[in-house]
Amino acid sequence: MKLWGGRFEKATSGLVDDFHSSISFDQRLAALDITGSIAHATMLGEQGIIPDADARAIVAGLQGILRDVEAGRVQFEQDAEDIHMNVEKILTERIGEAGKRLHTGRSRNDQVALDCRMYVKQAAAEAVTYLRALCETLLGIARQHAESIMPGYTHLQRAQPVTLGHHMMAYFQMFSRDMQRMKEVYHHADVCPLGCGALAGTTYPLNRERTAELLGFASISLNSLDAVSDRDFVCDYLYAASACMMHLSRFCEELILWNSHEFKFVEMDDGFATGSSIMPQKKNPDVAELIRGKTGRVYGDLIGLLTTLKGLPLTYNKDMQEDKEGLFDARDTLVKSLMVFTAMLSTCTFRTENMARSAEGGFTNATDAADYLVKKGMPFRDAHAVIGHLVLHCVKENKAILDLSLEELKAFSPLFDADVYDACSMRACVTLRDVPGGPAPGRVRETIAAGEAFLDAFEI
Ligand code: ARG
């Protein structure tokens, strides 16, 4: 007999039982569900809505179930449909009549909204912990390489020299934004829906603030219809996770390129690369590829839920049960990706000599050569044309700009002088880009200090 079986004359088809049961995946919410029920029962007792002795029996019973769940001693039943009814059933089996009073003034609709909110709060806080570790790793590399010159790219063509430290700090910005986004997700989820019932609240004198306080929520929801039909906070988490995966994926793409024979900017640790079953020479960056690949499934989780929600009339509809698997999948994928990525990055060896050589070879000082002429009085547009001709000449001669003698340079503009060799060196190109947010080593150190302060001050 189903918990809701009173109104039915026939048993549910076996096909339906199998189809709509969610216990196979929502049992992941067991501990949170029980914690929510303990708070609800405590409040019911305090308010005199159920007898005090029953409230105490329920709380003790639930605490016992929680212990057994944590020890892996509880077997859930598919027949009991979902985690909420499984817990209630086990409780009543264990403590008898009192257990039947737990669901007073509550619906699975506010209950599942509560469980999901608690889950998202945990998941967001956990993401922040892993992001913090990644940000610290980035700061470490940036500190070490604030002076290590590498080419900066646009269109995957060498553009202007930067430093490896500057490049790492670009990712620091992205992941620190991810931390902030996760913090916002946490606060959006931090609203307690309990007491909103199925959709229209309840006739019992519940103390909603009290349950919220017992569960550590910052506030209570202000509209019962919205409270049971809102999954924005899940979408928020999925978007924050998607953005973070996107950042990881771009970084992975760069590491894959840099690890290639063509770039040789980085050497991945053997522990984070894999071999080929046929080609003995191979050392493949599979871990980075897999993170890049898994980004798609997290996007899928986001788009899936947005699509599920788009046509739903208020309030709860069973479609909403589809929120959980995507959420769990995104959380697992994000956590695993962040963990393995941070470990992989911290064991990479950066081949700074190859980076510096590559910067030298790609006309990355062409803008600086034009700026040099501008500083000698030439209008920028003219200088651009002069250096364009100069580069074309160098390409044909297979030379870098500064390989030319002063005489050869003067043939392109009489404004060239002996000081051009210092003014357009790689070191000067980087050092002279001394604007806030720029790659000059002093500026990068400023950003590193700001990053350290950000991490020190950051809390959820
Ligand atoms: N298992 C359901 C879910 O995940 C719980 C809420 C069910 N409510 C209902 N009225 N059918 O959404």
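Here the structure is a predicted model, which means the values were calculated and not measured.

S.K.: Explain the site of the ligand to me, and be specific about the residues and the numbers.
M.R.: The immediate surroundings of the ligand are formed by Ser22, Asp82, His84, Arg108, Asn109, Val112, Tyr316, Gln321 and Lys324. A distance of 3.0 Å separates a nitrogen atom of the ligand from a polar side-chain atom of Asp82. One of the side-chain nitrogen or oxygen atoms of Lys324 is found 2.6 Å away from an oxygen atom of the ligand. The fraction of the free accessible surface of the ligand (340 Å²) that becomes covered by protein chains is 86%. Residue composition of the shell around the ligand, by class: 2 nonpolar, 4 polar and 3 charged.

S.K.: Account for the side chain of Thr295, naming residues and giving values.
M.R.: Looking at the secondary structure, you find Thr295 in helix α11 (residues 286-310). A polar side-chain atom of Thr295 sits 3.4 Å from the main-chain carbonyl oxygen of Met245. Excluding residues within four positions of it along the chain, Thr295 makes contact with Met245, Met246 and Ser249.

S.K.: Any chance you could break down the pairing of strand β1 (residues 149-154) for me, citing the residues and the numbers?
M.R.: Examined bridge by bridge, β1 and strand β2 (residues 157-163) share 6 bridges and lie antiparallel to one another. Directly across from Met150, in β2, lies its bridge partner Val162.

S.K.: Hey, could you go over the packing of aromatic side chains for me, with residue numbers and the actual values?
M.R.: Scanning all chains against the criterion turns up 10 aromatic pairs. Where Trp4 meets Phe8, the ring centres are 5.1 Å apart and the plane angle is 55 degrees; that geometry is what we call tilted. The interplanar angle of 10 degrees and the centroid separation of 5.8 Å between the aromatic rings of Tyr372 and Phe416 together place this pair among those described as stacked. Residue Tyr372 is found in helix α14 (residues 366-375), and its partner Phe416 is found in the loop between α16 (406-410) and α17 (420-423); the two are separated by 44 residues along the sequence. Looking at Phe416, the relative accessible area reads 1%, which means it is buried. Through pairs of rings, three or more aromatic residues link up here, namely Tyr153, Trp258, Phe263 and Phe265. The ring of Phe217 carries Lys121 above its face, with NZ or CZ at 4.2 Å from the centroid.

Rules behind the numbers
- Residues numbered from 1 in each chain as written.
- Predicted model: local features only at pLDDT ≥ 70, side-chain atom pairs only at ≥ 80, totals over all residues.
- Heavy atoms only, no water.
- Near = heavy atom within 4 Å.
- Polar contact = N/O pair within 3.5 Å; in protein donor to acceptor, adjacent residues only side chain to side chain.
- Areas by Shrake-Rupley, 256 points an atom, 1.4 Å probe, with all protein chains shown as cover.
- Nonpolar A, V, L, I, M, F, W, Y, C, P; charged D, E, K, R; others polar.
- Helix = DSSP H or I, 4+ residues; strand = E, 2+ residues; numbered from the N terminus.
- Contact = heavy atoms within 4.5 Å.
- Pairing = 2+ DSSP bridges.
- Phe/Tyr/Trp six-rings, centres within 6.5 Å; stacked < 30°, edge-to-face > 60°.
- Buried < 20%, exposed > 50% of the residue type's maximum accessible area, 1.4 Å probe, protein only.
- Lys NZ or Arg CZ within 6 Å of the ring centre and 35° of its normal.

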